[in-house]
Amino acid sequence: MVTVLLPGPLRSETGGEGRLTVAAAGSLRAVLDELATTWPRLARRIRDERGELRRYVNVYVDGEDCRHTGNLETMVPEGAEVQILPSVAGG
(Lines give C-alpha, C1' and ligand atoms only; values in the text may rest on other atoms or scores of the structure.)
Protein backbone atom coordinates (compact mmCIF):
# COMPACT_ATOMS: atom_id res chain seq x y z
CA MET A 1 0.00 0.00 0.00
CA VAL A 2 1.03 3.57 -0.72
CA THR A 3 -0.27 6.60 1.19
CA VAL A 4 -1.10 9.74 -0.79
CA LEU A 5 -1.23 12.99 1.19
CA LEU A 6 -3.30 15.91 -0.10
CA PRO A 7 -3.45 19.53 1.08
CA GLY A 8 -6.73 21.34 1.73
CA PRO A 9 -7.17 22.78 -1.79
CA LEU A 10 -7.28 19.29 -3.33
CA ARG A 11 -9.48 17.62 -0.72
CA SER A 12 -12.67 18.91 -2.33
CA GLU A 13 -12.05 16.32 -5.06
CA THR A 14 -11.94 13.43 -2.55
CA GLY A 15 -14.89 14.24 -0.33
CA GLY A 16 -12.65 15.96 2.20
CA GLU A 17 -10.14 13.13 2.56
CA GLY A 18 -6.54 14.26 3.02
CA ARG A 19 -4.96 10.82 3.30
CA LEU A 20 -5.67 8.25 0.59
CA THR A 21 -4.41 4.70 0.35
CA VAL A 22 -3.77 2.97 -2.96
CA ALA A 23 -2.64 -0.57 -3.65
CA ALA A 24 -0.40 0.38 -6.58
CA ALA A 25 3.32 0.51 -6.03
CA GLY A 26 6.07 0.58 -8.61
CA SER A 27 6.09 3.82 -10.53
CA LEU A 28 4.51 7.15 -9.67
CA ARG A 29 2.56 6.79 -12.92
CA ALA A 30 0.96 3.57 -11.58
CA VAL A 31 0.01 5.29 -8.32
CA LEU A 32 -1.56 8.24 -10.16
CA ASP A 33 -3.34 5.87 -12.57
CA GLU A 34 -4.98 4.13 -9.63
CA LEU A 35 -5.96 7.48 -8.11
CA ALA A 36 -7.56 8.39 -11.45
CA THR A 37 -9.84 5.35 -11.39
CA THR A 38 -11.31 6.27 -8.01
CA TRP A 39 -10.99 10.06 -8.04
CA PRO A 40 -11.02 11.23 -11.70
CA ARG A 41 -11.57 14.90 -10.81
CA LEU A 42 -8.50 14.82 -8.58
CA ALA A 43 -6.51 13.23 -11.40
CA ARG A 44 -7.42 16.07 -13.78
CA ARG A 45 -6.04 18.57 -11.27
CA ILE A 46 -2.73 16.67 -11.07
CA ARG A 47 -2.10 15.64 -14.69
CA ASP A 48 -2.81 17.32 -18.02
CA GLU A 49 -4.59 15.85 -21.04
CA ARG A 50 -1.34 14.11 -22.13
CA GLY A 51 -1.03 12.44 -18.74
CA GLU A 52 1.96 14.53 -17.67
CA LEU A 53 2.20 16.33 -14.33
CA ARG A 54 0.78 19.80 -14.49
CA ARG A 55 3.44 22.46 -14.29
CA TYR A 56 2.07 23.95 -11.07
CA VAL A 57 1.81 20.64 -9.18
CA ASN A 58 4.70 19.39 -7.07
CA VAL A 59 4.85 15.70 -6.15
CA TYR A 60 7.16 14.24 -3.53
CA VAL A 61 7.85 10.55 -2.96
CA ASP A 62 9.12 10.01 0.58
CA GLY A 63 10.19 13.66 0.66
CA GLU A 64 12.03 13.66 -2.70
CA ASP A 65 10.78 15.89 -5.53
CA CYS A 66 9.81 13.53 -8.36
CA ARG A 67 11.08 16.02 -10.95
CA HIS A 68 14.59 15.20 -9.72
CA THR A 69 14.10 11.43 -9.49
CA GLY A 70 12.45 10.45 -12.78
CA ASN A 71 9.12 12.31 -12.94
CA LEU A 72 6.31 9.81 -13.51
CA GLU A 73 8.81 6.95 -13.70
CA THR A 74 9.99 7.64 -10.13
CA MET A 75 9.91 4.40 -8.18
CA VAL A 76 7.35 4.28 -5.37
CA PRO A 77 8.12 1.42 -2.97
CA GLU A 78 5.54 -0.38 -0.89
CA GLY A 79 4.76 1.71 2.21
CA ALA A 80 5.87 5.00 0.63
CA GLU A 81 4.22 8.37 1.14
CA VAL A 82 3.39 10.46 -1.90
CA GLN A 83 2.67 14.11 -1.18
CA ILE A 84 0.91 16.20 -3.80
CA LEU A 85 1.16 19.98 -3.48
CA PRO A 86 -0.20 22.53 -5.93
CA SER A 87 2.00 25.62 -6.21
CA VAL A 88 0.68 28.68 -4.46
CA ALA A 89 0.97 32.01 -6.25
CA GLY A 90 0.67 35.29 -4.49
CA GLY A 91 1.19 38.88 -5.15
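Everything numeric here is computed off the predicted structure, so don't read it as measured data.

Cut-offs applied
- Residues numbered from 1 in each chain as written.
- Predicted model: local features only at pLDDT ≥ 70, side-chain atom pairs only at ≥ 80, totals over all residues.
- Heavy atoms only, no water.
- Helix = DSSP H or I, 4+ residues; strand = E, 2+ residues; numbered from the N terminus.
- Rg over C-alpha atoms; globule rule 2.2 N^0.38 Å.
- Buried < 20%, exposed > 50% of the residue type's maximum accessible area, 1.4 Å probe, protein only.
- Contact = heavy atoms within 4.5 Å.
- Salt bridge = Lys/Arg side-chain N within 4 Å of Asp/Glu carboxyl O.
- Polar contact = N/O pair within 3.5 Å; in protein donor to acceptor, adjacent residues only side chain to side chain.
- Core = buried A, V, L, I, M, F, W, Y, C linked by side-chain atoms within 4.5 Å.

Trainee: Explanation requested: the overall build of the protein in the structure shown.
Mentor: Helices and strands together make up the secondary structure of the protein, namely three helices and seven strands. Traced from its N-terminal end to its C-terminal end, the protein shows the element sequence β-α-β-β-α-α-β-β-β-β. By the compact-globule yardstick of 12 Å for 91 residues, the protein fits well, its C-alpha radius of gyration being 12 Å. Dimensions of the protein, computed from the C-alpha atoms along their principal axes, are close to 35 × 30 × 25 Å. Taken over 91 residues, the protein has a buried fraction of 42%. In the protein, of all internal contacts separated by at least 6 residues, the share reaching a separation of at least 24 is 49%.

Trainee: I tried to follow the pattern of salt bridges on my own but got confused; where do I start?
Mentor: Pairing between side chains of opposite charge can happen when the charged atoms of each approach one another. This structure, assessed with the given rule, holds six salt bridges. For Glu-81, the salt bridge identified is with Arg-19, shortest N-O distance 3.8 Å. Placement of Glu-81 in strand S7 (residues 81-86) and of Arg-19 in strand S2 (residues 19-22) is noted, with a sequence separation of 62 residues between them. Since its relative accessible area comes to 36%, Glu-81 is described here as partly exposed. When the shortest N-O distance is used, the salt bridge between Asp-48 and Arg-50 registers 3.4 Å.

Trainee: Looking at this structure, how should I read the side chain of Thr-14?
Mentor: Along the chain, Thr-14 turns up in the loop between helix H1 (8-11) and S2. One polar contact links the side chain of Thr-14 to the main-chain carbonyl oxygen of Glu-17, over a distance of 2.7 Å. Excluding residues that lie within four positions of it along the chain, Thr-14 makes contacts with Leu-6, Leu-20, Trp-39 and Leu-42.

Trainee: In this structure, what is going on with unusual backbone geometry? I would like to understand it.
Mentor: Located in the positive-phi region is Asp-62, a residue other than glycine, with phi close to 50°. Tracing the backbone through its elements, the reader meets Asp-62 in the loop between strand S4 (57-61) and strand S5 (64-65). One non-glycine residue, Asn-71, lies in positive phi territory at about 55°. Overall, the relative accessible area of 37% leaves Asn-71 in the partly exposed class.

Trainee: Can you walk me through the nonpolar core in this structure?
Mentor: Most often, soluble globular proteins keep nonpolar side chains buried together rather than apart. Core analysis: the biggest nonpolar cluster contains 23 residues, and Val-4, Leu-28, Leu-35, Val-82 and Ile-84 have the highest contact counts within it. Mapped by element, the contributors of at least two residues to this core are strand S1 (2-5), S2, helix H2 (28-38), helix H3 (40-46), S4 and S7. Looking at which element gives the most residues to this core, the answer is H2, with four residues. Residues in contact with Val-82, not counting those within four places in the same chain, are Val-2, Thr-3, Val-4, Leu-5, Leu-28, Val-59, Tyr-60, Val-61 and Val-76.

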